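Below, each chain spelled out in residue letters.
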Amino acid sequence: MQDISNIVILTGAGISAESGLATFRGPDGLWEGHRVEDVATPEAFARDPALVQAFYDARRARLAEVEPNAAHRALARLDAEWPGDLLIVTQNVDDLHERAGAKRVRHMHGELTSAWCLDCDARMRWDKDLCDHPNCPQCGVAGRLRPDIVWFGEMPYEMERIDRALMEADLFVSIGTSGAVYPAAGFVQTARYRGARALEMNLDPSLGSYHFHESRTGRAGELVPAWVEEMLSPLGSAG
Ligand code: OAD
C-alpha cells in the first residue's frame with residue numbers, strides 16, 4: 001500500500017449486519033416489511049407521525065441490544081493508528097463505529113441517538129423514545145422532536161466535508177453497501193476522478209462494483225480486519 005496517505009471509507013448497513021442489525025434491501029431487510037414512503041420521508045412524518053416515531057423508536061431501542069463487531073473494531077484500530085488523513089463516512093444511523101472507538105466518523109444520514117426539535121431547530125443527544133411527545137430540553141415545547149435522520153428527499157449531512165475528503169483521497173474503500181442510494185453510490189466515481197484507488201468489500205458485488213479496481217466478496221467481519229492488517233503491518237515493520 002505504498003503512496004497512500006489519505007483514505008476515505010464509506011460504510012453501509014452490511015457492516016452492522018453481523019452485530020444483528022437488519023440491512024435495508026434483500027430478504028428480511030428493513031424495507032421488506034415497510035414501504036420507504038411510509039416511514040422514511042418528511043411526507044410520511046407529516047401524515048402519520050406515530051408510525052414513523054414507532055419505527056425509529058424500535059430501531060433506537062435495538063441499539064442497546066447489539067455490540068460492535070470485528071469490522072467496526074478493525075476500522076477503529078485503523079483510525080487510531082493510521083498516520084495520514086482518514087475519514088469514515090457512514091450511511092448508518094447506528095452508533096457502532098463510535099462504540100468501537102472510531103473518532104473520525106461522519107454520519108451522512110443522521111443518527112438514531114440524536115433528536116431534532118422542529119420548533120427551536122436544536123439537535124441533541126437522545127436515547128429514549130420519541131413516540132410519547134417529550135418536551136424539547138432546549139425550548140420546552142412538547143411533541144416537536146423528530147428523529148435526526150436524513151429521509152428521502154432531504155439533503156445528506158456533511159456533504160462539503162465529504163466531497164473535500166473524496167477529492168484528496170488516495171484510496172476509497174466501500175464496505176457493506178449495496179450502492180443503491182445516491183449520493184453515496186457516486187462517491188467512488190468522485191474519488192476515482194481525482195485518481196484514488198478504489199476497493200470494495202461486500203457480501204456480494206454491489207450495483208456499482210465495476211467502478212472499483214478491486215472487489216472482495218465475503219463477510220465484513222472477516223474481510224475488514226484482514227485489510228486493516230494489510231494496511232498497518234507495513235507501518236509497523238518500517239518503524
Ligand atoms: P443495503 O441494505 O441496501 O445494502 C447492504 C449491503 O450489505 C448489501 O449489498 C449486502 O449484500 C451487504 N451485506 C450484508 N451482510 C453483510 C456482511 N456481513 N458483510 C458485508 N456485507 C454485507 O444498505 P445500504 O447500502 O447501507 O438510507 O443502504 C443505503 C441507504 O439506503 C441507507 O443508509 C438508508 C437506505 O434507504 C436512508 O434511510 C436515507
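Here the structure is shown first, and the text comes after it.
A few points on the structure. No experiment lies behind these values; they were computed from the predicted model shown.

### Overview of the overall build of the protein
Point 1. Helix and strand counts for the protein stand at 10 helices and nine strands.
Point 2. Overall, the protein is about 60 × 35 × 35 Å in size when its C-alpha atoms are taken along their principal axes.
Point 3. Taken over 239 residues, the protein has a buried fraction of 49%.
Point 4. Counted over contacts in the protein with a minimum sequence separation of 6, partners at least 24 positions apart contribute 63%.
Point 5. For the protein, the computed accessible surface area is about 11,600 Å², with 50% contributed by carbon and sulfur atoms.
Point 6. The positive charge centre, built from 24 side chains, and the negative charge centre, built from 36, are 2 Å apart in the protein.

### Considerations on the site of the ligand
Point 1. Looking at the ligand, there are 23 residues lining it, with Glu18, Phe24, Arg25, Thr177 and Ser178 nearest.
Point 2. The side chain of Arg25 places a nitrogen or oxygen atom 2.6 Å from an oxygen atom of the ligand.
Point 3. Within the contact set of the ligand, an oxygen atom lies 2.9 Å away from a side-chain nitrogen or oxygen of Asp204.
Point 4. Taking 800 Å² as the accessible area of the ligand by itself, protein coverage stands at 92%.
Point 5. A breakdown of the residues in the shell around the ligand according to their chemical character gives nine nonpolar, 10 polar and four charged.

### Concerning the packing of aromatic side chains
Point 1. For the structure shown, the criterion picks out four aromatic pairs.
Point 2. Centre to centre, the rings of Phe172 and Phe212 are 6.2 Å apart; their planes meet at 25°, and the pair counts as stacked. With Phe172 in strand β7 (residues 171-175) and Phe212 in the loop between β8 (197-202) and β9 (214-217), this pair connects stretches of sequence that are 40 residues apart. Each member of the pair Phe172 and Phe212 is classed as buried.

### Overview of the side chain of His107
Point 1. By the element assignment, His107 lies in strand β3 (residues 105-107).
Point 2. Assessed through its relative accessible area of 8%, His107 is described here as buried.
Point 3. Not counting the four nearest positions on each side in its chain, His107 is found in contact with Thr90, Asn92, Val93, Asp94, Glu98 and Tyr157.

### Here's the deal with the sheet that holds strand β4 (residues 110-117)
Point 1. A sheet is described by the order of its strands in space; here three strands give the open sequence β5-β4-β6, paired in antiparallel fashion. Of all the strands in the sheet, the pair left with one neighbour each is β5 (123-125) and β6 (145-149). Strand-to-strand, the axes of this sheet are offset by a mean angle of 45°, without reference to chain direction.

### Here's the deal with helix α8 (residues 159-168)
Point 1. All of the buried residues in α8 are Met159, Ile162, Ala165 and Leu166. With its buried residues spanning 125° around the axis, α8 presents them on a single face.
Point 2. Against the buried residues of α8 lie β1 (7-11), β2 (86-90), β7 and α9 (187-193).

### Some thoughts on the nonpolar core
Point 1. Of all hydrophobic cores here, the largest spans 26 residues; its most connected members are Ile9, Leu75, Leu78, Val173, Ile175, Val224 and Trp227.
Point 2. Residue assignment for this core shows that the elements contributing at least two residues are β1, α6 (70-81), β2, β7, β8 and α10 (220-238).
Point 3. By residue number, the principal contributor to this core is α10, which donates seven residues.
Point 4. In this structure, Phe172, Ala184, Val188 and Ala198 belong to the second largest nonpolar core, which totals 18 residues.

### Looking at the pairing of β6
Point 1. Within β6, five of the five residues are buried, which leaves it mostly tucked inside the rest of the structure.
Point 2. For β4 and β6, the ladder comprises five bridges, and the chain directions are antiparallel. Paired with Glu111 across the two strands is Asp148, which belongs to β6.

Rules of the game
Residues numbered from 1 in each chain as written. Predicted model: local features only at pLDDT ≥ 70, side-chain atom pairs only at ≥ 80, totals over all residues. Heavy atoms only, no water. Helix = DSSP H or I, 4+ residues; strand = E, 2+ residues; numbered from the N terminus. Buried < 20%, exposed > 50% of the residue type's maximum accessible area, 1.4 Å probe, protein only. Contact = heavy atoms within 4.5 Å. Areas by Shrake-Rupley, 256 points an atom, 1.4 Å probe, with all protein chains shown as cover. Lys, Arg positive; Asp, Glu negative; His and termini not counted. Charge placed at Lys NZ, Arg CZ, Asp CG, Glu CD. Near = heavy atom within 4 Å. Polar contact = N/O pair within 3.5 Å; in protein donor to acceptor, adjacent residues only side chain to side chain. Nonpolar A, V, L, I, M, F, W, Y, C, P; charged D, E, K, R; others polar. Phe/Tyr/Trp six-rings, centres within 6.5 Å; stacked < 30°, edge-to-face > 60°. Pairing = 2+ DSSP bridges. Axes fitted to C-alpha atoms, helices over the stretch in contact; angles between N-to-C directions. Arc of directions from axis to C-beta. Core = buried A, V, L, I, M, F, W, Y, C linked by side-chain atoms within 4.5 Å.

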